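Overview (structure and organization)
Listed below, chain by chain, are the residues.
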Amino acid sequence: MRFVGRLIPLLSAVAAILVSAPAVASDFELLKLDGAYVKWGAPVFASGAEVSYAYVREPVELQGAHNCGAMVSPTAITGKSGIPFDAFDTAVGEAFAQWSAVANLRFHKVDDPARADILIGAQAKPVGIAFANVAPSRTAVAGRGEARIASMKKAAICFNPTLAWTLESGRPDLGRDLFLVAGHEIGHTLGLDHPGPRGARMAFKEGFVSRTLQDSDIRAVQTLYGPRPTN
């Protein structure tokens, strides 16, 4: 399950990587790929980053990807679920904003998918619920041993367009909660892993995920990017 980095499916268990640098924690996990933690920006813990994202416009293939290897426009999602694309875009933007509200992260949407750090679309070959692809740089790596960290090079998020999706909170009868799933997958593209089955946004059991970022989510993202600046 790799295309330079690892592809992380929502709600599937992955090997737990206990944070050992720069701090030890038992309630959050950071992604570790090829022996290094991964984050956007400088390969330094608690350092901020600016990250761009864009939506797939035309069919695209990610060479070597096992999941999200082929994506199409997210209109494949909104059309089936009857969600206006503007509302879909707003929900995704709010999911990004939850993370930037607690960490030194700045997100901005760009029109050209080729220029985006994170590419968002629908799966061309639907499977599961949603996936995140993470590709770290092979050269921007700092530290050694358990403290090795690599800069992120590219990431992608893809949603299953055959599922029903909803923008209404607490209505699983209407479909998967787009805001929750988007926030979870964004967390993976930031360098966060599953801490456990329930409670946190990064938990891997969908029915036990909170719409509010939990303390473990916040500590995890701040370990990588630091807290949000006060000015």
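The structure we're discussing is the one just above.
Summarised in this report is the structure supplied together with it. (Residues numbered from 1 in each chain as written. Predicted model: local features only at pLDDT ≥ 70, side-chain atom pairs only at ≥ 80, totals over all residues. Heavy atoms only, no water.)

Quick look at the overall build of the protein
Quick note on the threshold: Helical segments are the DSSP runs of H or I of at least four residues, strand segments are the runs of E of at least two, and each set is numbered from the N terminus. Burial here depends on accessible area, computed with a 1.4 Å probe over protein chains only, as a share of the maximum for the residue type. Under 20% is buried, over 50% is exposed, and the range in between is partly exposed. Using a 1.4 Å probe, accessible areas were evaluated by the Shrake-Rupley method; residue-level cover was limited to the displayed protein chains.
Check the secondary structure of the protein and you find 4 helices and 15 strands. A total of 231 residues make up the protein; the buried ones form 53% of that total. With the model as given, the accessible surface of the protein reaches about 10,000 Å², and the carbon-plus-sulfur share is 53%.

Some words on the state of the cysteines
Counted only if it meets this: Two cysteine sulfur atoms form a disulfide, by the criterion used here, when they sit within 2.5 Å.
Counting across every chain of the model gives 1 disulfide. The disulfide bridge from Cys68 ends at Cys158, spanning 1.8 Å between sulfur atoms. One disulfide, between Cys68 and Cys158, carries an S-S torsion of -90 degrees and so falls in the left-handed class. Of this pair, Cys68 sits in the loop between β7 (60-61) and β8 (70-72) while Cys158 is found in strand β12 (residues 149-159), placing the two residues 90 residues apart along the sequence.

Here we look at the environment of Ala164
When you line up the elements, Ala164 lands in the loop between β12 and β13 (165-166). For Ala164 and Ser81, which are 83 residues apart along the polypeptide, the C-alpha to C-alpha distance reads 5.5 Å.

Examining the side chain of Ser73
Threshold: Definition of a polar contact: a pair of N or O atoms within 3.5 Å, with one able to donate and the other able to accept a hydrogen when the atoms are protein atoms, and with sequence-neighbouring residues admitted only if both atoms are side-chain atoms. Contacts are assigned to residue pairs with any non-hydrogen atoms lying within 4.5 Å of each other.
The topology assignment puts Ser73 in the loop between β8 and α1 (75-81). Here Thr75 takes part through its side chain, which lies 3.0 Å from a polar atom of the side chain of Ser73. With near-sequence residues (within four places) excluded, Ser73 lies in contact with Val56, Arg57 and Ala122.

What about the environment of Asp217?
Topologically, Asp217 is positioned in helix α4 (residues 215-225). Accessibility expressed as a relative area gives 1% for Asp217, which makes it buried. In sequence terms Asp217 and Asp193 are 24 residues apart; their C-alpha atoms lie 9.7 Å from each other. A polar atom in the side chain of Asp217 sits 3.2 Å from the backbone nitrogen of Met202.

Observations concerning the pattern of salt bridges
For the record, the criterion: By salt bridge we mean one thing: a side-chain nitrogen of Lys or Arg within 4 Å of a carboxyl oxygen of Asp or Glu.
Enumeration over the complete set of coordinates arrives at 6 salt bridges. Residues Glu168 and Arg171 are paired through a salt bridge, measuring 3.8 Å at the closest nitrogen-oxygen approach. Across the salt bridge formed by Arg211 and Asp177, the nearest N and O atoms sit 2.3 Å from each other. Here the residue Arg211 occupies a position in the loop between β15 (192-193) and α4, and Asp177 occupies one in strand β14 (residues 176-177), the gap between them amounting to 34 residues. In this structure Arg211 comes out as partly exposed when scored by relative accessible area, which is 29%. Members of the salt-bridge network, linked through shared partners, are Glu168, Arg171 and Asp173.

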